[in-house]
Amino acid sequence: MNTHQNQWSYDRLSWPQMKEVIGRKPQPVVAIPFGAVEDHGLHLPLSTDNDILEGILKETALRSEGDLLVMPTIPYGLDEHHMDFPGTISINIETCLAYVTQTAISVARHGFTHILIVNGHGSNQAITDLAARKCVLETGIVCGNTTINAAINPTLAADVIEKHRKGGYGSIAHAGEFETAVMLYMLPETVDMDKAERDMGQIKLKYFNWDYPEPTAFSWLGYWSGMSNNGVCGDASVATAEFGKLAFEETVTNFLELVREFRTIPIKQRVDHH
Ligand SMILES: [Zn+2]
């Protein structure tokens with residue numbers, strides 16, 4: 001086990017192999033996937049956020065020639081607002097923040113200099129931002145946060161979404177056109193398209209919007225069962241495996257570029273001006 005091809009999985013390395021990877025110049029970026037187990041409509045499994053995270057991260061790492069090392073997914077996130085749907089797992093904000101932060105700091109303590117917390121679930125976003133910041137302040141390394149799920153932030157798949165989405169504004173949000181399509185492409189046996197519905201319970205206001213490309217000027221989120229009948233916010237019914245493949249490929253390509261760019265960020269020394 002000494003080719004980059006099978007050295008992408010952080011915890012599949014032995015400690016001497018890990019020591020070798022830490023000593024490499026340049027080091028790989030370490031990805032910490034942080035997901036959720038929650039309702040995704042009548043047609044998708046509770047594992048959807050984690051499946052998308054893991055599928056895109058694995059493919060990116062396999063193509064990265066050793067530039068990306070992927071940790072096991074932290075599978076449960078901030079999800080109290082989804083607890084009305086059977087099966088959701090809710091971890092409180094403080095525990096999530098502490099857990100993700102301590103994971104990142106552990107990685108940094110072994111000598112890794114560039115860590116990306118990769119979020120797979122919308123409500124984790126503020127937590128990953130703070131966890132990355134806490135890791136930076138405590139260790140001085142470069143720790144950032146991002147997402148590969150366009151339902152959270154469409155940047156990595158924006159071109160494909162703009163050109164190929166069928167559901168129009170609001171179709172992407174949650175368990176909608178993007179997530180359903182990517183699951184149709186990656187794991188078609190887990191999707192029941194006969195039950196895929198359009199459910200647009202999210203509010204659209206002048207200063208508050210949920211979906212690309214409309215900007216939003218404030219954030220707010222209530223309980224999920226108050227805005228969605230079946231768990232979907234978006235349009236799952238128009239999703240296709242073809243759109244999923246395009247979005248998947250675009251995301252993997254752009255994420256690999258992002259990883260390599262992220263790795264170029266230098267660690268600058270502090271200057272005490274007292
Ligand atoms: Zn999701």
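Residues numbered from 1 in each chain as written. Predicted model: local features only at pLDDT ≥ 70, side-chain atom pairs only at ≥ 80, totals over all residues.

A short note on the environment of glycine 170
- Following the sequence through the fold, glycine 170 ends up in the loop between helix 5 (158-164) and helix 6 (177-186).
- With 21 C-beta atoms counted inside 10 Å, the residue glycine 170 sits in the buried group.
- Sequence separation between glycine 170 and aspartate 211 is 41 residues; the distance between their C-alpha atoms is 5.2 Å.
- Once you skip the residues sitting within four places of it in the chain, glycine 170 turns out to touch Met200, Gln202, Lys204, Trp210, Asp211 and Gly234. (Helix = DSSP H or I, 4+ residues; strand = E, 2+ residues; numbered from the N terminus. Buried ≥ 20, exposed ≤ 12 C-beta atoms within 10 Å, placed from the backbone. Contact = placed C-beta atoms within 7 Å.)

Overview of the pairing of strand 1 (residues 29-34)
- The buried fraction of strand 1 is high, at 6 of 6 residues.
- What you see with strand 1 is no split at all: Val29, Ala31 and Pro33 on one side and Val30, Ile32 and Phe34 on the other are buried throughout.
- Direction of pairing for strand 1 relative to strand 2 (residues 68-70): parallel, over a ladder of 3 bridges. Its bridge partner being in strand 2, valine 29 is matched across the sheet by leucine 68.
- Between the parallel pair strand 1 and strand 2, the chain is carried across by helix 2 (residues 48-63), and the sense of this crossover is right-handed.
- The pairing of strand 1 with strand 3 (residues 114-119) spans 5 bridges and is parallel. Residue pairing for strand 3: valine 30 is matched across the bridge by isoleucine 115. (Pairing = 2+ DSSP bridges. Right-handed = clockwise from strand over helix to strand, strands pointing away.)

Some thoughts on the pairing of strand 3
- Most of strand 3 sits out of view: 6 of its 6 residues are buried.
- Burial along strand 3 is two-sided: the residues His114, Leu116 and Val118 and Ile115, Ile117 and Asn119 are all buried.
- Of the pairings in the sheet, the one linking strand 3 to strand 4 (residues 142-147) comprises 6 bridges and is parallel in character. Counted as the bridge partner of histidine 114 is valine 142 from strand 4.
- Once the chain exits strand 3 it traverses helix 4 (residues 125-139) before rejoining the sheet at strand 4, and the crossover so formed is right-handed.

Considerations on the nonpolar core
- With 68 residues, the main nonpolar core has Ala31, Ile32, Ala104, Ile115 and Ala247 as its most contacted residues.
- Top contributing element to this core by residue count: helix 7 (residues 241-262), with 7 residues.
- Leaving out residues up to four positions away in the same chain, alanine 31 has contacts with Leu57, Leu68, Val70, Met71, Leu116 and Val118. (Core = buried A, V, L, I, M, F, W, Y, C linked by C-beta atoms within 7 Å.)

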